[in-house]
Amino acid sequence: MPARERRRRGFREVVADDVDLLPLMNLFVALIPMLLVSAVFLNITVIEMKAPGDEDAQARADQAREELALSVTISAERYVVEGNGVQTVSVQRADPAAAAQLAAALAAIAGEHPENHDVMIVSQADTRYEDIVGVMDISREAGLPGASLLAADRALN
Amino acid sequence: MPLRKGRRRRRSAVQAPLRLTSMMDILTVLLLFLLKSFVAEGEVITPAPGVSLPESTSDTGPESSVVVAILDDRILLDGRQVAQVPAGAPGGDLLIPALAEQLDLSRSQGEAIATRRGDADSYAPKLAIQGDRDIPFALLQRVMYTCNHSGYGDIALVVLGAS
């Protein structure tokens, strides 16, 4: 029988039944690195600030003297919340619940003065940028989105 | 040797194609994911190499702007180092002249482009600051002062949003 004879001789016809994917692979291999380079894996956001002109800064400083003038001073050991007609609150930074205490103090003041949305963040020369951003976050979440940065007697923003 | 040659078996040329189907599946999924992230993102800001941005709860997206990166004592403008400010520099004048010079140049170029486009009146120079999380406030203060001095009033502090 011819079939048996074929098996005996070890002859087998190989038929390629797969689709040729190599051209598509080449395309993918070119596309994927290009997209990987332009892909964004970090969620980058921004905190918007407006730097005032000289006149604006003066006007704001005059206004702050008359109004609440809420400020958070960041020192090496503590956060101090002060303002006109506001009881001064001091929070030890070493306390694990410092952020929560500061948030509660600011939220209470924001609740008492709903017309006020501003807070001045007073930093020392060596205050870390990360700590300032942390206080800005706490202030924003407490209902005080208008943060200004101050150092010594100079208003930046 | 003729005897060995005679013993040698004839090998049939069998083609063994690579099974690429599973790899194609992976690549297709990866391609779709990358295309989606490419389309969904708006303005893309890439952190400057070496800058470790602070984390924040802010969810405001970045806009196209000039980027000033602060890393240790080096200041980069759009990826180019333009100034070096020693950490213990005396805090007299806040202005950083080398940065101010480059910012003025960048602003005048932006204004020239806006004039050519015909929207010079609505042109508002914008700037994003990528500060390393460990930089002291004194350095940030000097950079912000210099930016404001050069007419960049809209300043965005670039941070890592909560993912």
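Anyway, here's the lowdown on the structure attached to this text.

What counts as what
In this numbering scheme, every chain counts its residues from 1 along its sequence in written order. Each chain takes a letter, starting from A, and each ligand takes a number, starting from 1, following the order in which they are written. Selection of residues for local features in this predicted model requires a pLDDT of at least 70, selection of side-chain atom pairs for listing and counting requires 80 or more, and totals for whole chains, interfaces and linings are taken over all residues. Each side-chain value is derived from all of the structure's non-hydrogen atoms; neither hydrogens nor water enter the calculation. Only residues whose relative accessible area exceeds 30% and that form no salt bridge are eligible for patches; like-charged ones are grouped when within 9 Å, while nonpolar side chains (Val, Leu, Ile, Met, Phe, Trp, Tyr) are grouped when within 5 Å. Only the protein chains shown count as covering a residue, and every accessible area follows the Shrake-Rupley method with a 1.4 Å probe. Each salt bridge in this description consists of a side-chain nitrogen of Lys or Arg and a carboxyl oxygen of Asp or Glu lying within 4 Å of one another. Secondary structure elements follow DSSP: runs of H or I no shorter than four residues count as helices, runs of E no shorter than two count as strands, and numbering proceeds from the N terminus. Should any heavy atoms of two residues lie within 4.5 Å, those residues are counted as being in contact. Between N-to-C directions, angles cover 0 to 180 degrees, with each direction set by a line fitted to C-alpha atoms, over the stretch in contact for helices. Note on convention: the crossing is left-handed when the near helix lies turned anticlockwise from the far helix by less than a right angle, right-handed when the turn is clockwise. Here the nonpolar group is Ala, Val, Leu, Ile, Met, Phe, Trp, Tyr, Cys and Pro; Asp, Glu, Lys and Arg are the charged ones; every other residue, Gly included, is treated as polar. Only protein chains enter the accessibility calculation, which uses a 1.4 Å probe. A residue is then buried if its area is under 20% of the maximum for its type, exposed if over 50%, and partly exposed in between. What counts as buried area is the accessible surface, traced by a 1.4 Å probe, that two parts surrender upon association, with contributions from both included. In protein, a polar contact means a hydrogen-donor-capable atom and an acceptor-capable atom, both N or O and within 3.5 Å, with residues adjacent in sequence counting only if both atoms are side-chain atoms; elsewhere, any N or O pair within 3.5 Å suffices. Each pair of strands is called paired provided DSSP finds at least two bridges between the two strands.

Overview of a nonpolar patch on the surface
Nonpolar side chains collect at one region of the surface, where A:Leu36, A:Phe41, B:Leu30 and B:Phe33 lie side by side and expose about 390 Å² of accessible area between them. On the secondary structure map, A:Phe41 appears in the loop between helix 2 (22-38) and strand 1 (44-50).

Quick look at the environment of A:Asp131
Residue and element names in this part refer to chain A. With respect to the helices and strands, the residue Asp131 is situated in helix 5 (residues 129-141). With 57 residues separating them in the primary sequence, Asp131 and Ile74 have C-alpha atoms 8.3 Å apart. What Asp131 contacts, discounting residues up to four positions off in sequence, is Ile74 and Arg93.

Comments concerning the packing of helix 3 (residues 97-117) of chain B against helix 4 (residues 137-149) of chain B
All names here are of chain B. Packing of helix 3 against helix 4 brings their axes to within 9 Å, and their N-to-C directions diverge by 35°. Between helix 3 and helix 4 lies a crossing of right-handed hand. Judged by residue contacts, Leu99, Ala100 and Leu103 of helix 3 engage Val143, Thr146 and Cys147 from helix 4. Grouping the constituent residues of the contact of helix 3 with helix 4 by class yields 5 nonpolar, 1 polar and no charged.

A closer look at the side chain of A:Asp137
Within the secondary structure, A:Asp137 sits in helix 5. Overall, the relative accessible area of 8% leaves A:Asp137 in the buried class. If we ignore the near neighbours within four places in the chain, the residues touching A:Asp137 are A:Ile47, B:Glu55, B:Ser56, B:Thr57 and B:Ser58.

Things to note about the interface of chain A and chain B
Residue-level contacts link 46 residues of chain A with 59 residues of chain B. Both sides of the chain A and chain B interface together cover about 4,500 Å² of buried area, and 67% of this is carbon and sulfur. In this structure, A:Arg128 and B:Asp134 form a salt bridge, with 2.5 Å as the shortest nitrogen-oxygen distance. Between the two partners, chain A and chain B, sit 16 residue pairs in polar contact (both at pLDDT 80 or more). Of all the secondary structure elements, the ones that give two or more residues to the side of chain A that touches chain B are helix 2, strand 1, helix 5 and strand 6 (146-151) of chain A. For the side of chain A that touches chain B, the element with the most residues is helix 2 of chain A, which contributes 9 residues. The class makeup of the residues in the side of chain A that touches chain B is 29 nonpolar, 7 polar and 10 charged. Sheet analysis places strand 1 of chain A next to strand 6 (residues 154-161) of chain B, joined by 7 bridges and oriented antiparallel. By the bridge assignment, A:Lys50 is partnered in strand 6 of chain B with B:Asp154.

Describing the pattern of salt bridges
The full count for this structure, using the stated rule, is 9 salt bridges over all chains. Among the ionic pairs, B:Glu111 bridges to B:Arg107, the shortest N-O distance being 3.3 Å. Of this pair, B:Glu111 and B:Arg107 both sit in helix 3, 4 residues apart, roughly one helical turn. Each member of the salt-bridge network shares a partner with another, and the members are A:Arg93, A:Arg128, A:Glu130, A:Asp131, B:Arg133 and B:Asp134.

With respect to the pairing of strand 3 (residues 74-77) of chain B
Residues and elements named next belong to chain B. Alignment of strand 2 (residues 66-71) against strand 3, held across 4 bridges, turns out to be antiparallel. Residue pairing for strand 3: Ile70 is matched across the bridge by Ile75. Here strand 2 hands over to strand 3 after 2 residues, with Asp72 in that stretch at a positive phi of 55°. In this structure, the hairpin formed by strand 3 and strand 4 (residues 80-84) is closed by a connection of 2 residues, where Asp78 is found at a positive phi of approximately 50°.

What to know about the pairing of strand 4 (residues 86-92) of chain A
Residue and element names in this part refer to chain A. Two strands pair when backbone bridges link them, and strand 3 (residues 78-83) and strand 4 are joined in this way by 5 bridges, in the antiparallel orientation. From the neighbouring strand, Val81 faces strand 4, where its bridge partner is Val89. Turn length for the strand 3-strand 4 hairpin, with the two strands adjacent in sequence and antiparallel, is 2 residues, and the turn residue Gly85 shows positive phi of about 75°.

Digging into unusual backbone geometry
Residues and elements named next belong to chain B. In the Ramachandran plot, Asp72 falls in the positive-phi region, its phi being about 55° despite a non-glycine side chain. Position of Asp72 relative to the elements: it lies in the loop between strand 2 and strand 3. Unlike most non-glycine residues, Asp78 shows phi in positive territory, near 50°. For Asp78, the position within the fold is in the loop between strand 3 and strand 4.

Comments concerning the environment of B:Val68
Residue and element names in this part refer to chain B. Summarising the element assignment, Val68 is placed in strand 2. A sequence separation of 12 residues divides Val68 from Arg80, and the C-alpha atoms of the two residues are 9.2 Å apart. Once you skip the residues sitting within four places of it in the chain, Val68 turns out to touch Ile75, Leu76, Leu77, Leu103, Leu127, Ala128, Ile129, Gln130 and Val143.

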